[in-house]
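The chain contents come next:
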Amino acid sequence: MKKRGSIILLLALLSSQAFGEYRVYQYYVRSKLKNINPTNAQLVTSTMNPTAYAVYHGGKDSIEVSLLRSWVCMGDTSKKSICSMSEGRELEGSAQ
């Protein structure tokens, strides 16, 4: 009887699906450094929030990051590229 319960528990654990989600940010990035064309902005789509992106790429003294929109990608997120906004769910108040 004890063995039967263990098998049922194992089957229940193996049959359940895991769902994940991650947030995606889209923003414009401009250089603040001298001798760099400040009007040349890049559109960036990343899973890094704007603050973390700025710190990772030189800090707020070297780049300006302006958040445009943000959305959540749902489902199994392993080994997949960033989902598009049409595949995800846009978050309220994500633009600044």
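These notes cover the structure that comes with them. Note that the structure is a prediction, hence the values are computed from the model and not measured.

What follows is about the overall build of the chain. On a plain count of helices and strands, the chain comes out with 2 helices and 4 strands. Starting at the N terminus and walking to the C terminus, you meet the elements of the chain as α-β-β-α-β-β. Counting the 96 residues in the chain, one finds 24% classified as buried. Taking contacts inside the chain between residues at least 6 apart in sequence as the whole, the part at least 24 apart equals 57%.

In this section: the side chain of S46. Note that S46 resides in strand β2 (residues 42-46). A polar atom in the side chain of S46 sits 2.9 Å from the backbone nitrogen of M48. Setting aside residues up to four positions removed in sequence, S46 forms contacts with R23, V24, Y25, Y27 and I82.

Before going further, it helps to examine the nonpolar core. Residues Y25, Y27, V29, V44, Y53, A54, I63 and L67 constitute the largest nonpolar core, which totals 8 residues. The set of elements that each furnish at least two residues to this core consists of β1 (20-31), α2 (50-56) and β3 (63-75). Here the element with the most residues in this core is β1; it accounts for 3 residues. Setting aside residues no more than four positions away along its own chain, Y27 makes contact with Q42, L43, V44, S46, M48, N49, P50, Y53, V65, S66, L67 and L68.

Calculation criteria
- Residues numbered from 1 in each chain as written.
- Predicted model: local features only at pLDDT ≥ 70, side-chain atom pairs only at ≥ 80, totals over all residues.
- Heavy atoms only, no water.
- Helix = DSSP H or I, 4+ residues; strand = E, 2+ residues; numbered from the N terminus.
- Buried < 20%, exposed > 50% of the residue type's maximum accessible area, 1.4 Å probe, protein only.
- Contact = heavy atoms within 4.5 Å.
- Polar contact = N/O pair within 3.5 Å; in protein donor to acceptor, adjacent residues only side chain to side chain.
- Core = buried A, V, L, I, M, F, W, Y, C linked by side-chain atoms within 4.5 Å.

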